Amino acid sequence: MNQDISIDVTGFSGDPKILSDMVTKIESLNGGRVAAITFDNVGGAPGYSAIVLNGSDVRFWRLANPTGDVVELTGASIPSWMLNWKAQRRATAVKVAKVSLADAIRTAEASQRSAPAVVAGIARSASNPTSDVQAYMIGILKNGRLERVAVSTQSGRPIENPEALEW
């Protein structure tokens, strides 16, 4: 995740469980593992965009109108071998993670007194071959600001200093 990220939260419900629920919903609909997800507002339509690892493919999904009866998913994919080496390493970190992204989001929200997450994904530091720290980076909307919480992909515990990791 980019540290200078700006998210239009127009239409965001503010529900602290919604992002983790969307991860679970997307994974159940396509059988893959979500590597990153963000709330977004595209042309006035609130929804969620996700990067999903499914076998050897990297799929890009948009889940529009997630709280209504109709779920619209549109997807595109590329084979993982077409990714650059950093993206391949991040994809591998997601595949071998012991903790799901949905669980990491729930942990991050709980650590911030149930402030809602609006963006989450594998930290860029996962692509660093010299880094022993594999983490998800979660963006929490707190007091109108986006704050970072890092959660270990192996233990599921928050990492004390998320500023040391790259989004």
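Preceding this paragraph is the structure being described.
Because the structure is a prediction, the values reported are computed rather than measured.

(A) Region of interest: helix H1 (residues 18-30). Its 13 residues place the ends of H1 18 Å apart at the C-alpha level, agreeing with the 18 Å of an ideal helix rising 1.5 Å per residue. The elements touched by buried residues of H1 are strand E1 (33-42), strand E2 (45-54), strand E3 (57-64), helix H3 (101-111) and strand E5 (117-122). Backbone geometry just after H1 places Gly31 at a positive phi near 75°.

(B) Examining the nonpolar core more closely. Ranked by internal contacts, the top residues of the largest apolar core, which has 39 residues, are Val34, Ile37, Tyr48, Leu101, Ile105 and Ile138. What Ile37 contacts, discounting residues up to four positions off in sequence, is Leu19, Met22, Val23, Ile26, Tyr48, Ser49, Ala50, Leu101, Ile105, Val118, Val119 and Ala120.

(C) Quick peek at the packing of aromatic side chains. Taken as a whole, this structure holds two aromatic pairs when the rule is applied. With a centroid separation of 5.1 Å and 65° between ring planes, the pair formed by Phe12 and Phe39 is classed as edge-to-face. Of this pair, Phe12 sits in the segment before H1 while Phe39 sits in strand E1, and the two are 27 residues apart along the sequence. Phe12 sits in the buried class, given a relative accessible area of 13%. Ring geometry for Phe39 and Tyr48: centres 5.4 Å apart, planes at 70°, overall edge-to-face. Look at Phe39 and you get buried, because its relative accessible area is 3%.

Rules behind the numbers
- Within each chain, residues carry numbers counting from 1 in the order of the written sequence.
- Side-chain atom pairs in this predicted model are given and counted only at pLDDT of 80 or more, local residue features only at pLDDT of at least 70, and totals for whole chains, interfaces and linings cover all residues.
- Processing note: side-chain calculations cover all non-hydrogen atoms of the structure and skip hydrogens and water entirely.
- The helix and strand labels rest on DSSP assignments: H or I over at least four residues marks a helix, E over at least two residues marks a strand, and numbering proceeds from the N terminus.
- One less than the number of residues in a helix, times 1.5 Å, gives the span that helix is expected to have.
- In this description, contact between two residues means that some pair of their heavy atoms is separated by no more than 4.5 Å.
- Here, nonpolar core refers to any group of buried Ala, Val, Leu, Ile, Met, Phe, Trp, Tyr and Cys residues whose side-chain atoms link them within 4.5 Å.
- Burial classes: relative accessible area under 20% of the type maximum marks a residue as buried, over 50% as exposed, and values in between as partly exposed (1.4 Å probe, protein chains only).
- Here is the rule: rings of Phe, Tyr and Trp (six-membered ring for Trp) pair when centre to centre is within 6.5 Å. Planes less than 30 degrees apart are stacked, more than 60 are edge-to-face, and the remainder are tilted.

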